[in-house]
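# Geometric and topological summary
Residues per chain, in single letters:
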Amino acid sequence: TVCISYATGHRSRLDDEGTGPGIVMAGQLAIYLTEKAGIGTHSGLHLDFGNNWRQFLMDIKSCKVMVIILTHAFYQSMPCLEEVDKIIKGKVDIVTVRHEKDLPKEDDQWTKAISDEDKLMRFEVMEKLRSVNYYPPFSEEIMNENDLDAVKDIVEKKLNK
């Protein structure tokens with residue numbers, strides 16, 4: 001199973017609350033992976049309405065690959081920080097997909113991590129994310145079907161290693 005981590009945060013004056021670019025890309029990617037490659041996916045989008053997102057956190061242990069949709073909201077979301085932390089501890093392969101340009105610098109990431117436990121989690125996640133390759137490169141955004149196909153190829157390679 002491929003899990004998808006995304007933030008629901010929206011962009012002011014562009015999106016309705018809870019319908020930001022992360023949730024839209026997560027849905028598009030889940031459909032694409034399933035329809036084009038027969039790859040099963042799991043994310044918060046798969047939970048029944050009204051279920052707590054922590055159910056997804058408990059289901060992460062079944063993931064073989066985690067695709068992380070990087071947006072401004074992702075770097076402010078404590079639930080996303082927890083998801084990535086759990087994935088790192090489970091030694092799951094990570095694919096990072098940049099979906100917005102000019103993402104926050106490290107000092108501006110997960111600024112709500114105030115407790116010592118949260119600060120340690122933030123440190124470990126940031127250290128891990130520094131070590132993975134980002135798709136697409138930092139000068140581009142993921143926007144079209146060709147990009148989805150490239151992400152599919154990366155995921156398939158990780159699943160087949």
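This section reports on the structure supplied with the text. (Residues numbered from 1 in each chain as written. Predicted model: local features only at pLDDT ≥ 70, side-chain atom pairs only at ≥ 80, totals over all residues. Heavy atoms only, no water.)

## A look at the overall build of the protein chain
Per the secondary structure count, the protein chain includes five helices and five strands. Overall, the protein chain shows an N-to-C arrangement of helices and strands of β-α-β-α-β-α-β-α-β-α. With 161 residues in all, the protein chain has 45% of them scored as buried. Long-range contacts, defined here as pairs at least 24 residues apart, represent 75% of the contacts in the protein chain between residues at least 6 apart. Looking at the protein chain as shown, the accessible area adds up to about 9,100 Å², and 48% of this sits on carbon and sulfur atoms. (Helix = DSSP H or I, 4+ residues; strand = E, 2+ residues; numbered from the N terminus. Buried < 20%, exposed > 50% of the residue type's maximum accessible area, 1.4 Å probe, protein only. Contact = heavy atoms within 4.5 Å. Areas by Shrake-Rupley, 256 points an atom, 1.4 Å probe, with all protein chains shown as cover.)

## Here we look at the sheet that holds strand β3 (residues 65-70)
Across the sheet, which stays open at both edges, the five strands sit in the order β2-β1-β3-β4-β5 with parallel pairing between neighbours. Whereas interior strands pair on both sides, the edge strands pair on one side only; in this sheet they are β2 (41-42) and β5 (134-135). Here strand β1 (residues 2-5) runs beside β3; their pairing, made up of four bridges, is parallel. Pairing of Cys3 across the sheet is with Met66, part of β3. (Pairing = 2+ DSSP bridges.)

## As for the nonpolar core
Grouped together as the largest cluster of nonpolar side chains are 25 residues, with contacts concentrated most on Met66, Ile68, Phe74, Leu81, Ile87, Trp110 and Val125. Sorting the residues of this core by element identifies β3, α3 (78-89) and α4 (116-130) as the ones contributing at least two each. With five residues, the single largest contributor to this core is α3. The residues touching Ile87, leaving out its near neighbours within four places in the chain, are Ile60, Cys63, Met66, Val92 and Ile94. (Core = buried A, V, L, I, M, F, W, Y, C linked by side-chain atoms within 4.5 Å.)

Fair warning: the whole summary comes from geometry, so function is off the table for now.
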